[in-house]
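Fold and geometry: a report
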Amino acid sequence: MKKHRAFLKWAGGKYPLLDEIKRHLPEGECLIEPFVGAGSVFLNTDYSSYILADINSDLISLYNTVKDRPDDYVNEARLLFTSSNNQSEVYYQLREEFNQSADPFRRSLLFLYLNRHGYNGLCRYNMRGEFNVPFGRYKKPYFPEEELYRFAERAQNALFICESYDASMARAGAGSVVYCDPPYAPLSATANFTAYHTNSFNLEQQQHLAQLAEQLHSNRISVLISNHDTALTRQWYQQAKLHKVRVRRSISSNGGTRKKVDELLALYKA
């Protein structure tokens with residue numbers, strides 16, 4: 001089956017892991033994703049309905065805009081993808097506009113522009129909640145028209161909601177399956193690269209997530225969690241069936257530093 005790419009570039013996106021994830025995702029009526037990110041799992045599975053959550057309000061607002069106004073969105077967003085806009089001065093002007101704008105539609109347009117023109121497709125904010133990813137210097141950023149329309153079509157069966165992982169997991173009832181892709185636990189004390197949003201995901205929250213998965217499992221709801229394979233994650237997920245996967249990870253933009261790291265898929269199967 002052809003794999004479909006998300007329209008956003010996303011650090012930690014699940015496209016490379018899709019086959020493994022789908023192999024272990026149980027069947028059900030509704031898939032709940034408390035950390036939807038770029039939505040690769042949503043785009044490549046076929047549950048009847050989806051509840052897709054994230055604490056990044058810009059991301060959820062963008063998804064609701066694409067869902068509700070795909071033609072308007074594509075036509076307006078395309079205008080930002082010109083060679084004259086692919087310059088650092090313009091990038092920083094538009095980034096500033098994004099940080100000051102309160103208009104949801106305009107912010108959604110600029111979010112895609114920043115995602116495709118910014119460094120490595122990162123999504124990062126400073127402590128004031130301002131988007132602060134530097135210019136990426138790409139020859140010709142790709143405008144994902146086909147991917148946007150596919151997303152909009154699939155989104156008709158999805159509820160996008162900005163909320164914390166515990167609130168989304170509390171929505172799970174009979175027929176639900178939960179897939180969690182939290183910001184990954186650090187591989188080492190210095191590798192704590194989890195601040196995708198202003199509040200990063202700490203070790204207590206990682207442990208809390210595992211406890212919530214156990215509670216859902218005891219209520220006959222299946223949960224699948226992906227994370228790094230470390231001594232800590234194995235301890236947190238000791239009640240789950242663990243599947244080890246090797247993933248090629250680009251830690252930096254220099255392809256030479258792409259190395260394989262071990263990841264875990266922890267399955268709490270009802």
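Note that the coordinates shown come from a computational prediction; the quantities given were computed from them, not determined experimentally.

Within the sequence span of helix α7 (residues 145-154), burial applies to Glu-147, Leu-148, Phe-151, Ala-152 and Arg-154. Buried positions in α7, seen along its axis, are confined to an arc of 165° and lie on one side of it. More than 90 degrees from the buried face of α7, the exposed residues found are Glu-146 and Glu-153. The inward-facing, buried residues of α7 contact α2 (40-43), β2 (49-54), α3 (57-68), α4 (70-78), α6 (104-117) and β3 (158-162).

Packing of α4 against α6 leaves a shortest axis separation of 10 Å and a crossing angle of 55°. By the angle between their axes, α4 is oblique relative to α6. In this structure, the crossing between α4 and α6 has a hand that is right-handed. In this structure, α4 contributes Asp-72, Tyr-73, Glu-76 and Ala-77 to the contact, and α6 contributes Phe-105, Ser-108, Leu-109 and Leu-112.

Turning next to the pairing of β2. Along any regular strand, the residues point their side chains to alternate faces of the sheet. In terms of residue burial, β2 counts as a mostly covered element, since five of its six residues are buried. Looking at chain direction, strand β1 (residues 30-33) and β2 are connected through four bridges and run parallel. Of the residues in β2, the one forming a bridge with Glu-33 is Leu-52. Alignment of β2 against β3, held across five bridges, turns out to be parallel. The residue of β3 that forms the bridge with Tyr-50 is Ala-158.

What follows concerns unusual backbone geometry. For Arg-137, which is not a glycine, the phi torsion comes out positive at approximately 60°. With respect to the element layout, Arg-137 can be found in the loop between α6 and α7.

Take the pattern of salt bridges next. A complete count under the given rule lists 12 salt bridges for this structure. Ionic pairing is found between Asp-181 and Lys-14, a salt bridge with its closest N-O pair at 3.2 Å. Of this pair, Asp-181 sits in the loop between β4 (176-180) and α9 (203-218) while Lys-14 is found in the segment before α1 (18-24), placing the two residues 167 residues apart along the sequence. This pair shows no difference in class: Asp-181 is buried, exactly as Lys-14 is. By sharing partners, the salt bridges in this structure join Lys-244, Arg-246 and Asp-262 into a single network.

Take Thr-45: it is sitting in the loop between α2 and β2. Beyond its immediate stretch of four places on either side in the chain, Thr-45 contacts Lys-22, Leu-25, Leu-31, Tyr-50 and Arg-154.

For the rest of this paragraph, the subject is the pairing of β1. Side chains Cys-30 and Ile-32 project from β1 onto one buried face, and the interleaved Leu-31 and Glu-33 project onto a second face that is buried too. Two elements, β1 and β4, share three bridges in a ladder whose sense is parallel. From the neighbouring strand, Leu-31 faces β4, where its bridge partner is Val-177.

Parameters at a glance
- Residues numbered from 1 in each chain as written.
- Predicted model: local features only at pLDDT ≥ 70, side-chain atom pairs only at ≥ 80, totals over all residues.
- Heavy atoms only, no water.
- Buried < 20%, exposed > 50% of the residue type's maximum accessible area, 1.4 Å probe, protein only.
- Helix = DSSP H or I, 4+ residues; strand = E, 2+ residues; numbered from the N terminus.
- Arc of directions from axis to C-beta.
- Contact = heavy atoms within 4.5 Å.
- Axes fitted to C-alpha atoms, helices over the stretch in contact; angles between N-to-C directions.
- Parallel < 35°, antiparallel > 145°, perpendicular 65-115°, else oblique.
- Left-handed = near helix turned anticlockwise from the far one by under 90°.
- Pairing = 2+ DSSP bridges.
- Salt bridge = Lys/Arg side-chain N within 4 Å of Asp/Glu carboxyl O.

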